[in-house]
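Each chain is listed here by its residues.
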Protein chains: 2
Amino acid sequence: MKITIKDIAKLADVSTATVSKIVNNKDQSISSATREKVKSIIEEYNYVPNRIASSMITKKTNSIGLIIPDIANPFFPELARGAEDMANKNGYNIILCNSDNDLSKEDSYIEMLQEKMVDGIIFTSSSRRSSVSNTLKKLHIPIITVDREIEDLKSNCRIKVKNREGAFEAVSYMISRGYKKIVNLAGPMTSKPSKDRLEGYIEALVKNNLVVDEKYIIEGSFTSEWGYKGILDIIRKKLEFDSVFCGNDLIALGVLKGLRENGLNVPKDIGVVGFDDIYMATMIDTELTTVRQPNYQMGYKAAQLLINMLENKHYIDKEYILDTKLIIRKTTR
Amino acid sequence: MKITIKDIAKLADVSTATVSKIVNNKDQSISSATREKVKSIIEEYNYVPNRIASSMITKKTNSIGLIIPDIANPFFPELARGAEDMANKNGYNIILCNSDNDLSKEDSYIEMLQEKMVDGIIFTSSSRRSSVSNTLKKLHIPIITVDREIEDLKSNCRIKVKNREGAFEAVSYMISRGYKKIVNLAGPMTSKPSKDRLEGYIEALVKNNLVVDEKYIIEGSFTSEWGYKGILDIIRKKLEFDSVFCGNDLIALGVLKGLRENGLNVPKDIGVVGFDDIYMATMIDTELTTVRQPNYQMGYKAAQLLINMLENKHYIDKEYILDTKLIIRKTTR
DNA sequence: TTGAAAGCGCTAACAT
DNA sequence: ATGTTAGCGCTTTCAA
């Protein structure tokens, strides 16, 4: 039988109210004699307060839901870590949910989380979510969207990254290094970041008086498999190109592999630029030139914003845009 | 004001007991007329049951704590994903905790999780934990240790991997390929898997009548930084060697980088073998020969075992040992 | 087939 | 400085 606050109260010969105050450090008005007595009994009997019972009254669980597509995708662990660090620092816990970009899985997680009374949700929504689902509409706790915003979702905090600007800077740099036929192996266009990066690519081309050729823009997914397959396709079709701007680093890794297998030298024959700056970007033979995204910061900031809203009970509807940074390494000449 | 079971009961003109039964599908004895009526009202008013209140009574939260050193370390995302998949399939949630191998952080998470009334814990304990802490001793919920067991922790389920056998197989293979001077750049010896892998290394050497030279065994940490630094050290010291058996893939990646920077060709000059088979092992130029660990499976199995114990209220104290597999790729001749 | 009522462990307002 | 008490939202006997 687990020991409860009542047991402690009885053992210490005080009321449960007194014990409660001591357990929660609201003991300004408690004499140090009783405080010590109660504390030692708590210690002795190894009392563990039931926070679920507290939650019933305080209406706070100090839990935050984190919904991401897949923790096994190298983009998300750092984000999750950032969120968890900030959460932990403030006495919150993170409930991890992998949605696999599946809309119905997302919705069912959202419902689960609400039933578990989480205080708020950090959400990297599916690239495929075009509008607000019923579940999302009915949501009555604060939600922060990270990386991918949800159009039509009213009043929520958004954390984004300068995708367009980052891509613009990267492609401009490629052009400045003499690359002229730049293939864009993009992510899925259902995702806002993908769209924004494409915009940046086009903008850089236009500003430098290069033609934008649709044959050079190929949409795929954010995986190295797609990068590999994509570049192989391009080579087979004998498309003339001197460089590849990739939707993310995973794609770039696949591209590098495909290029290598075809005897193409990077950066001599072909230049390659990624996006994200995942950990592996520096561990490969020819270190990847890429656009760094502040992954950890995104998670950290998201949790910070959310906790702020929670503690101040003051919900803001605002957009935070974090900077990217071009990291020049070895895959561009 | 949030809507409660009482509101629904009043609106449907039934008792809360009836609503409760319907919400939880214990409605064999409810007439379909009432069932339909109640369900439509629940729908209409968008009622979300408060599972925390249920938990008070049922003594089950359907939450599982997952304590790992660091989700940003490539070894853990897959493990976490495996655990979350199995949990989700059974209606459980995962609370993610990053301990940074910090004993006091581990303990404080364990306490937090107990206060939140999680049903059980999946725990990859710090490599530095030599014996059972007070917190761990007082634990009164089931705990499954994964990868690293805790000596002295009584009656808990353990999931491990054949580290010794895997290392033995790998090093034996290296020897069969003609490598004779095999450096072992190991992980920290405070970690059981490290110790076991070292044992396997030694065993293979001995069985093949090669001398075991302490100069060739260097203990470090499970990071690529250490692998890089370690190999640089070895080269500087002009130690004669023809191959490196690494404590894990991260170390191997660092080794590969150091070798490359010193103009050493892999596998012609030097052979390299890792351990884990992380995703990146195939994405690098010279794909890494390594020992595959069933990361996802470990998490999946851990959650499965835990949930089984929870549902059957029958706690087992048993060891599950999963197989490793030597994956021969390009870093060995 | 349905409902009344006790109570899970705790907090917070209010009283003393 | 401490205690009394109502009640958070729900489940679960037990009775009707």
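The structure we're discussing is the one just above.
For every chain, the first residue of the written sequence is number 1, and numbering continues from 1 along that sequence. Numbering of ligands from 1 and lettering of chains from A proceed in the order in which they are written. Residue-level local features of this predicted model are given only where pLDDT is at least 70; pairs of side-chain atoms are given and counted only at 80 or more, and the full residue set underlies all totals for whole chains, interfaces and linings. To obtain the side-chain values, all non-hydrogen atoms of the structure were included, while hydrogens and water were left out.

Some remarks on the sheet that holds strand β8 (residues 243-246) of chain B
Residues and elements named next belong to chain B.
Point 1. Here, strands pair whenever DSSP counts at least two bridges between them. For helices the rule is a DSSP run of H or I covering at least 4 residues; for strands it is a run of E covering at least 2, with both sets numbered from the N terminus onward. Taken together, the six strands give an open sheet; going across it, the order is β7-β6-β8-β9-β10-β12, and neighbouring strands pair in mixed fashion. Whereas interior strands pair on both sides, the edge strands pair on one side only; in this sheet they are β7 (217-219) and β12 (325-327). Direction aside, neighbouring strands of the sheet carry axes that sit 20° apart on average.
Point 2. In this structure, β8 lies alongside strand β9 (residues 271-276), joined through three bridges in parallel fashion. Bridge pairing in β9 places S243 opposite G271. With axes taken as lines fitted to C-alpha atoms, and helix axes fitted only over the stretch in contact, angles between N-to-C directions fall between 0 and 180 degrees.

Overview of the relation of the copies chain A and chain B
Point 1. You can overlay chain A on chain B at an RMSD of 0.1 Å; the transform is a turn of 180° with a shift of 0.0 Å along its axis. In short, the pair behaves as if placed about a two-fold rotation axis. Within chain A, A:I95 has its C-alpha nearest the rotation axis, a separation of 2.2 Å.
Point 2. Counting the interface residues of chain A, we find that 100% of their copies in chain B are interface residues as well, pointing to one common contact surface. Residues reaching a pLDDT of at least 70 in both copies supply the C-alpha atoms on which the copies are superposed by least squares. We call two residues contacting when some pair of their heavy atoms lies within 4.5 Å.

Focus: the protein's contact with DNA strand C
Point 1. The cutoff for a nearby residue is simple: one of its non-hydrogen atoms must lie within 4 Å of the molecule or strand. What surrounds DNA strand C is a group of 28 residues, the closest being A:I5, A:S20, A:Y47, A:I57 and B:K59.
Point 2. When atoms of DNA strand C within 4 Å of the protein are split into backbone and base, the sugar-phosphate part holds 74%.
Point 3. Within the contact set of DNA strand C, a phosphate oxygen lies 2.7 Å away from a backbone nitrogen or oxygen of B:S15.
Point 4. Two N or O atoms count as a polar contact when they lie within 3.5 Å, although within protein this holds only if one can serve as hydrogen donor and the other as acceptor, and sequence-adjacent residues are included solely when both atoms are side-chain atoms. In the model, a phosphate oxygen of DNA strand C is placed 2.8 Å from a nitrogen or oxygen of the B:S31 main chain.
Point 5. Put simply, the parts of the chain that give the surface near DNA strand C at least two residues each are α2 (16-23) and α4 (51-58) of chain A together with α2 (16-23) and α4 (51-58) of chain B.
Point 6. Element by element, the count of residues in the surface near DNA strand C is highest for α4(A), at five residues.
Point 7. When its residues are assigned to classes, the surface near DNA strand C shows twelve nonpolar, twelve polar and four charged. Gly is put with the polar residues, along with every residue not named as nonpolar or charged; the nonpolar set is Ala, Val, Leu, Ile, Met, Phe, Trp, Tyr, Cys and Pro, and the charged set is Asp, Glu, Lys and Arg.

As for the interface of chain A and chain B
Point 1. If you look at the interface, chain A gives 56 residues, while chain B gives 56 residues.
Point 2. Summed over both partners, the accessible area (1.4 Å probe) lost when two parts come together is defined as the buried area. With both sides pooled, the region where chain A packs onto chain B buries about 5100 Å², and carbon together with sulfur makes up 56% of that total.
Point 3. The salt bridge criterion pairs a side-chain nitrogen of Lys or Arg with a carboxyl oxygen of Asp or Glu, the two atoms within 4 Å. Seen at the junction of chain A and chain B, the total is ten salt bridges.
Point 4. As a salt-bridge pair, A:D285 and B:R260 come within 2.9 Å of each other at their nearest N and O atoms.
Point 5. The interface formed by chain A and chain B holds 32 residue pairs in polar contact (both at pLDDT 80 or more) in total.
Point 6. Grouping the constituent residues of the side of chain A that touches chain B by class yields 24 nonpolar, 16 polar and 16 charged.
Point 7. The pairing of strand β2 (residues 93-98) of chain A with strand β2 (residues 93-98) of chain B spans three bridges and is antiparallel. Paired with A:I94 across the strands is B:L96, a residue of β2(B).

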